[in-house]
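Secondary and tertiary structure notes
So you can see what is in the structure, the chains are spelled out below.
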Amino acid sequence: MELLKVKTIDEMKNIIKETFRALTLEKETIDLSAGLGRVLSADIVSTMDVPHFDRSVVDGYAVKLTDVQGAGSAIPGFLRIVGEVQMGKETTESLNQGETLYVPTGGMVPAGTEAMIMIEYTEKLGEKDLAIYTNAGANENMMRIGDDIRNGELVFSRGHLLRPQDIGVLSALGYLQVEVYKRPRLSIISTGDEIIRPGETPKPGEVIDINTPALAAVAKRLGADVISTAYARDDQEEIRKAVELGIKNGDMVILSGGSSMGEKDYTVQVIDGLGEVLLHGLAVKPGKPTILGSVLQKPVIGLPGQPAAAIMVLMIVLQEFMKRYYDQDSFNNQTIQGVLMENIHASPGRRTFQTVAIKKTEKDIEIRPTHGKSGMITLLSYSDGYIEITENEEGKNAGDRVEVTLF
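What this report covers is the structure whose coordinates are included nearby. Since the model is a prediction, treat every value here as computed from it, not as a measurement.

**Quick word on the sheet that holds strand β4 (residues 60-63)**
Here we have 6 strands laid out as an open sheet, ordered β7-β4-β6-β5-β9-β8, and mixed in their pairing. With one partner strand each, in any of the chains shown, β7 (115-118) and β8 (122-125) form the two edges of the open sheet. Neighbour-to-neighbour, the strand axes of this sheet turn through a mean angle of 40°, independent of strand direction. As paired elements, strand β5 (residues 77-84) and strand β9 (residues 129-132) share 4 bridges and run antiparallel to each other. For phenylalanine 78, the partnering residue across the bridge sits in β9 and is alanine 131.

**Structural notes on the sheet that holds strand β17 (residues 252-256)**
The pairing of strands in a sheet comes from backbone hydrogen bonds and takes either a parallel or an antiparallel form. Across the sheet, 6 strands lie side by side as β16-β13-β17-β21-β20-β18; this open sheet has mixed pairing. Strand pairing shows two members of the sheet lacking a second neighbour, β16 (225-232) and β18 (276-280), which therefore form its edges. Pairs of neighbouring strands in the sheet enclose a mean axial angle of 20°, with direction left out of account. In terms of strand pairing, β18 meets strand β20 (residues 291-295) through 4 bridges, oriented antiparallel. Its bridge partner being in β20, glutamate 276 is matched across the sheet by serine 294. Here helix α6 (residues 267-274) sits on the sheet in contact with β17, β18, β20 and β21 (298-303), set at roughly 25° to β20. Here helix α7 (residues 307-326) sits on the sheet in contact with β13 (185-191), β17, β20 and β21, set at roughly 165° to β21.

**Let's talk about α7**
The terminal C-alpha atoms of α7, which comprises 20 residues, lie 28 Å apart, in line with the 28 Å expected from a rise of 1.5 Å per residue. Counting buried residues along α7, 19 of its 20 residues qualify, which places the element largely inside the surrounding structure. In this structure glutamine 306 caps α7, since a side-chain oxygen of it lies 2.6 Å from the backbone nitrogen of alanine 308. Just beyond α7, the residue with positive phi is aspartate 327, at close to 55°.

**Comments concerning the pattern of salt bridges**
Inspection of the entire model under this criterion finds 19 salt bridges. Between arginine 163 and aspartate 166 there is a salt bridge, with its nearest N and O atoms 3.0 Å apart. With a relative accessible area of 38%, arginine 163 lands in the partly exposed category. By relative accessible area, aspartate 166 is classed as buried at 2%. Note that glutamate 244 is salt-bridged to arginine 240, the shortest N-O span being 2.7 Å. Within this pair, glutamate 244 and its partner arginine 240 are both found in helix α5 (residues 236-249), separated by 4 residues, close to a single helical turn.

**Things to note about empty space enclosed by the protein**
Evaluated as defined, the whole model comprises 1 cavity of 30 Å³ or more. In this model, the largest cavity occupies a volume close to 30 Å³. Around the largest cavity sit Met12, Leu279, Leu282, Thr290, Ile291, Leu292, Ile301 and Val317, which together line it. Classifying every residue of the lining of the largest cavity by side-chain character gives 7 nonpolar, 1 polar and no charged.

**A word on the side chain of aspartate 67**
Within the fold, aspartate 67 resides in helix α2 (residues 65-68). Summary of buried charges: aspartate 67 has no salt-bridge partner, and the nearest side chain of opposite charge, lysine 64, is 7.6 Å away. At a separation of 3.2 Å, a polar atom in the side chain of aspartate 67 contacts the side chain of glutamine 97. Here aspartate 67 is in contact with Leu79, Asn96, Gln97, Gly98 and Glu99, once residues within four sequence places are set aside.

**A short note on α6**
Every α-helix carries 3.6 residues per turn, so stepping three or four residues along brings you back to the same face. Within α6, the full set of buried residues consists of Thr267, Val268, Val270 and Ile271. Mapping the buried residues of α6 onto a view down its axis gives an arc of 160°, with all of them on the same face. Contacts made by the buried residues of α6 are with α5, β17, β18, β20 and β21.

Conventions adopted
Residues numbered from 1 in each chain as written. Predicted model: local features only at pLDDT ≥ 70, side-chain atom pairs only at ≥ 80, totals over all residues. Heavy atoms only, no water. Pairing = 2+ DSSP bridges. Helix = DSSP H or I, 4+ residues; strand = E, 2+ residues; numbered from the N terminus. Axes fitted to C-alpha atoms, helices over the stretch in contact; angles between N-to-C directions. Contact = heavy atoms within 4.5 Å. Expected span 1.5 Å × (residues − 1). Buried < 20%, exposed > 50% of the residue type's maximum accessible area, 1.4 Å probe, protein only. Polar contact = N/O pair within 3.5 Å; in protein donor to acceptor, adjacent residues only side chain to side chain. Salt bridge = Lys/Arg side-chain N within 4 Å of Asp/Glu carboxyl O. 1 Å grid on protein atoms, 1.4 Å probe; cavity = no way out; pocket = protein on both sides within 12 Å on 5 of 7 lines; lining within 4 Å. Points joined across faces, edges and corners; volume = space filled by probe spheres on them. Nonpolar A, V, L, I, M, F, W, Y, C, P; charged D, E, K, R; others polar. Lys, Arg positive; Asp, Glu negative; His and termini not counted. Arc of directions from axis to C-beta.

Here is the structure:
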């Protein structure tokens, strides 16, 4: 057992990688409508062409290229209107030289069509004649069979995180269900004699539990399922039973509070008694008294009790586990770049995660650090994300271009 032998972020990542190599998730088949935010457990290969017919992407007229060559506002081309295509209907018409047919957006173009002319560049002269005031290039304003997706093409690889636009693609390919990984199942335990449940009225010295709902929200946002939440007093046996139950029922246990070296900080003793303490102390600011352990080959994370530190550390550590679960180099990180508007000083030898606020201007994206006293619960609410300052940096300077990981 290692007590507050502080590890760096990189050392922590290596510990997770080496210790939890065997982390796996079961698979399940779900309705596509429930697929947002899920991770594919199998490659998606198209079994059809998209589109599966030649179609127009504009309201306009089908033409041969030679019929509109050199056409313009001064010298228009003239074509004979021989029909129109009905939306959602197959057309058996064939386009000949000197002819045109009207085709609505998304409509099937007749055989022999070489381009589509937008209706804005045309003028009907009676019922059967059309003046065209522009020329066109090959296949302009139209899509050929398979232009979007080819039959047999790899569309998404295993491990792909489904976004709203991906749901649309799968729907276009005819999918009603998809095979995905089951989400990791987490239990959250909030410890401390002073902690009371949300909705209760605190007496002097008591604290309403903030961490449980906040940490559950972080876990859900990163793609995990919170299967249970529990409370434990500063009692080693009570904490031990809560951890045992969480390990039995799920894939990971997260403890909030009791991770430091105080008289009633029992988290490290409990983990050591049930399994192995892998680290006790993380070289980060905020969040130094972080614990990582293994019980029955399942991760147990001990977080600081201070809400801002607990939330920040969970985001950092849980993302590493999500990479292992889904066998990915990165997972669910959304970032944005901008210019730093103020100097930021870092703690030497510790990875600093500085919360920041983002403001978009006409010229750039402005990044400003958010400050508050340790323990302020509103600090993260005033922040849009954080920037990472490595152990070897003294800080960041105003004017530096920085990358922000969004909350």
